[in-house]
Each structure stands twice: as structure tokens, then as C-alpha cells.
Amino acid sequence: MTTTTVTTSTTSTTLTAPTTATPSGTAVFDELESAVRTYCRRFPAVFTRASGHRMWDEDGREFLDFLSGAGALNYGHNPPAVRRALVDYLLADGPVHGLDLHTGAKRRFLERFQAVVLAPRGLAYRVQFTGPTGTNAIEAAFKVARRVTGRTDVVAFTGGFHGLSLGALAASATAFKRDAAGVPLGNVVRMPYEGFAGEDVDTIDHLTRMLDDPGSGISKPAAFVVETVQGEGGLATASPEWLRRLARVARERDILLIVDDIQAGCGRTGTFFSFEQAGITPDLVCLSKSISGYGLPMALLLVRPELDQLGPGEHSGTFRGNNLAFVTATACLDHWADPAFAAGLAERVRVLDGLLDDLALRFASLGCTPRGRGLIRGLGFTDPTLADRVSRAAFEAGLLVETSGAQGQVLKIMPPIVLAEDELARGITLLADVIDAVARKEENR
Ligand SMILES: *Cc1c(COP(=O)(O)O)cnc(C)c1O
């Protein structure tokens, strides 16, 4: 167990100090915060400081963060250069809230995004700023697709996760989350993701047959929405070949292809977009989570210019101009202007691949199988309840790792994409010790 004592800043101490005789600890959360809270149940510490891949609780306990804000902290906590840009902007009284007014911060982001991300990849997209959550970018994508095609249905895949507002929830697969909607979820047709129906079933053939056979019972959809790696869906992945075939099926039938790159994008798979390896160009791309690079709320939809058919205000929202997020997003793009960054990222992917392969060998008797791709990874086990117990034991040992999949059956491993290789190795070694301890405990039961 790692217990490093740190001096927390006086400000945070003052802020967390109770003004009344309320006991400290977690009582206020238990009593006052809604029962819907979730991550804090798995990781019941009170965090007061974070830096890079580390977090500290109010007692000074240190945690290695391999949760990375579910993908919102690809560059780690409070990266110094980005924090500098943010503080400078604040001290200069830069506008913080801006509806969708033109601001200098937004202009710098757009110019930089064009120069560093879009142009070098030969991509021509318009940028639609949506409300600052991933689910709102998905709603916007569906709205655009329905407007452009005049059709209503969207094809989504088994294991997919696209957010929890009703339109996006209809496309999300997990029964538990869908059941919470309280109304029927409609206008989505579910198709099997790659591998869902077993290795012998070609799910693109199945999709094609369903689309083309007038006896299939489905009507022609407006769009396909797909994740290249299912971050919430147990880290299942689609192969480049499957994605290329999916893109072709869409193109040949005038169906739009939406890639939900909210979690797998912004460098997670080793390239800025997760679909680059497949060489496809989606019609619409949703980005959120790590686009601001600092954990600040921000989301956007990339739209092929000819599809940019919503009129002024048809998808508006108060918080589409989070200028602090534009500032941090722009600062993070500096990484992508540096060719050495991509090379370093590829190296870290290779290192993590090796570490997880070693882990799988060591725990072969537990059916330990690496999942995912790049730096969005997972471990499956024969016993579907093992991941949950490992995650909880890892917390006790000072490592934050969550679970993924409809039954939480996969241990999810998501270090910052900038993490030094020796720290990656340290985290995985710690994880291996935890798996070993949990497995032994089991044997002795
Ligand atoms: C997190 C996530 C969303 C939803 O984003 P929110 O900001 O939580 O609304 C949608 N799609 C994917 C793939 C995600 O990982």
C-alpha cells in the first residue's frame, strides 16, 4: 500500500474544512448526495489533490490513477503547461462564458484544430460545438443525420455506449441503463458488433442482409453509430477490416457513418482519431471527454460540410462556449504538432501491449485475456465477478482501476496516454500483485 504524505495546499484545506460541526469524512455524501452517485462508491476516498497520474486523498494517501476520468484525462491531471495557459487566461480576465459568441479563445482553438488535427489528416469537417457532454454531441449527430437523410432510425451495435440522454440512450446497449429511462426508447435498430455472435458469424454480412432484404423487417436507417473500441462495453474492438466494410456498406446505401470517438479519440488508441488505423473517413465524428485535455466540459461534432444542414439555433445550448475548455484544448494540441509525441505514444502502446501479454500468460489459469487497443485496455477473466473484486482490492492497494462491460466483467485499464514507461510498468506490476492476492484468497475459500 502506497502511503506518501503530501502537503496539501492551504486553500484546499480551508475549503474542505467544515464551517459547522459536521463530521468530516464521507457523511455529507451519504446523507446529502443523490443515490445515483456511482464511481465514489467503488473508490470511497475524499480526493483533495491530483497531479499527472496520481491523486491524493485528504489523509495524504497516494493513488495511481489508471481510471483517467473515464477517458477525460488523457494527458493526466493538471498538466503544468496547460494549467499555465488556463491561469494566464483567467488572470487576463478572458471571457469564461460566451454562449456561442466569437471569442479569441474559440478562434485560437478552431485555427489550431484545423492546422494540427484536420489539415495534416486531409480531413475537411465543420466543427459544431454542442452542449458540453458527450451525450449531447451524440444527440446532435443523430439530429443532423435525420435531417440530412429524412429517415428516422439509427443502427447501433451490441455493447455500444453513447450516453444517457434519451436519444443517445436509445443507442446505448446496457439493459440496466436503458431500463432507467422510464419511457420507451425508439428509433434505434440493434445489430451485432464484430465478434458478438461468435467468430464464425460475419456480422457485416448479417447487417448487409438485414438492410437489403425487404423481408428483414427493418427500414432504411439514417445512420450507423459505432465505437471502434467499446470503452463501456467491455473493451470489445472492431478490426480495421470490419470498419472499412462497415463504411463501404454505409456509403453504398447513402447511410451516414457516425463514429463515436468520445472515449477512444484524442489519442487513446495511439492516433488522434481512433479510426485512423482503418483509413476510413466518417461522415460525422463525436468528440468530448479528452478534447479539452484538462477535464473541463467540452464536446463537439465534426460534420462533413455538405451535411451541415441544421439552421441557426436548431441545436443550441447555454454552455457551448466554455472558453476555459477552448484554452486548455488549444494548449493540448501542442502535443499533436510535435512528431516526437506520436512516436512516443506508439512506444507506450507497444510497452503496454507487452505488459498485458505478460500478465495474461502469468494468469492464464484465470483465463486472463487482454482486450481493447492502444491505451484503452481491459482484462477479461473466466470468472465474470473477478474484475470487480480486483478493482476493489486495487483501490485498497493504491491503484484506481474500474470495470467495464454490461456485468462489469472486464477490468478496465486506462492510464494517461502521456505516462512514462517505467510508471506504466509500476502500475501493471501493482495490478499483477493485486490479481495474485485476490486469486489466492479465492483458492483458500
Ligand atoms: C462517455 C461517453 C459518452 C457520453 O458522454 P457524457 O459526457 O458522459 O455524456 C458517449 N459515448 C462514449 C463512447 C462515451 O465513452
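Up top is the structure these notes are about.
Report follows, based on the coordinates.

### A short note on the site of the ligand
- Within the structure, the ligand sits among Thr 133, Gly 134, Thr 135, Phe 161, His 162, Gly 163, Glu 227, Asp 260, Ile 262, Gln 263 and Lys 289.
- Gly 134 is positioned such that a nitrogen or oxygen atom in its backbone is 2.8 Å from an oxygen atom of the ligand.
- The side chain of Asp 260 places a nitrogen or oxygen atom 2.7 Å from a nitrogen atom of the ligand.
- Within the complex, the protein chains bury 82% of what would otherwise be the 380 Å² of accessible surface of the ligand.
- Class assignment for the residues of the shell around the ligand results in two nonpolar, six polar and three charged.

### Examining empty space enclosed by the protein
- The tally for this structure, following the rule as stated, stands at one cavity of 30 Å³ or more.
- Of the pockets and cavities examined, the largest cavity occupies roughly 40 Å³.
- Lining the largest cavity are Phe 129, Thr 130, Pro 132, Pro 297, Met 298, Ala 299, Phe 319, Arg 320, Asn 322 and Phe 326.

### Observations regarding the sheet that holds strand β13 (residues 399–400)
- Pairing is mixed in the open sheet, where four strands are placed in the order β1-β2-β3-β13. With partners counted over all chains shown, the strands left at the sheet margins are β1 (47–51) and β13, one partner each.
- Across four bridges, β1 lies against strand β2 (residues 54–57) in antiparallel orientation. Paired with Phe 47 across the bridge in β2 is Asp 57.

How each quantity is defined
Residues numbered from 1 in each chain as written. Predicted model: local features only at pLDDT ≥ 70, side-chain atom pairs only at ≥ 80, totals over all residues. Heavy atoms only, no water. Near = heavy atom within 4 Å. Polar contact = N/O pair within 3.5 Å; in protein donor to acceptor, adjacent residues only side chain to side chain. Areas by Shrake-Rupley, 256 points an atom, 1.4 Å probe, with all protein chains shown as cover. Nonpolar A, V, L, I, M, F, W, Y, C, P; charged D, E, K, R; others polar. 1 Å grid on protein atoms, 1.4 Å probe; cavity = no way out; pocket = protein on both sides within 12 Å on 5 of 7 lines; lining within 4 Å. Points joined across faces, edges and corners; volume = space filled by probe spheres on them. Pairing = 2+ DSSP bridges. Helix = DSSP H or I, 4+ residues; strand = E, 2+ residues; numbered from the N terminus.

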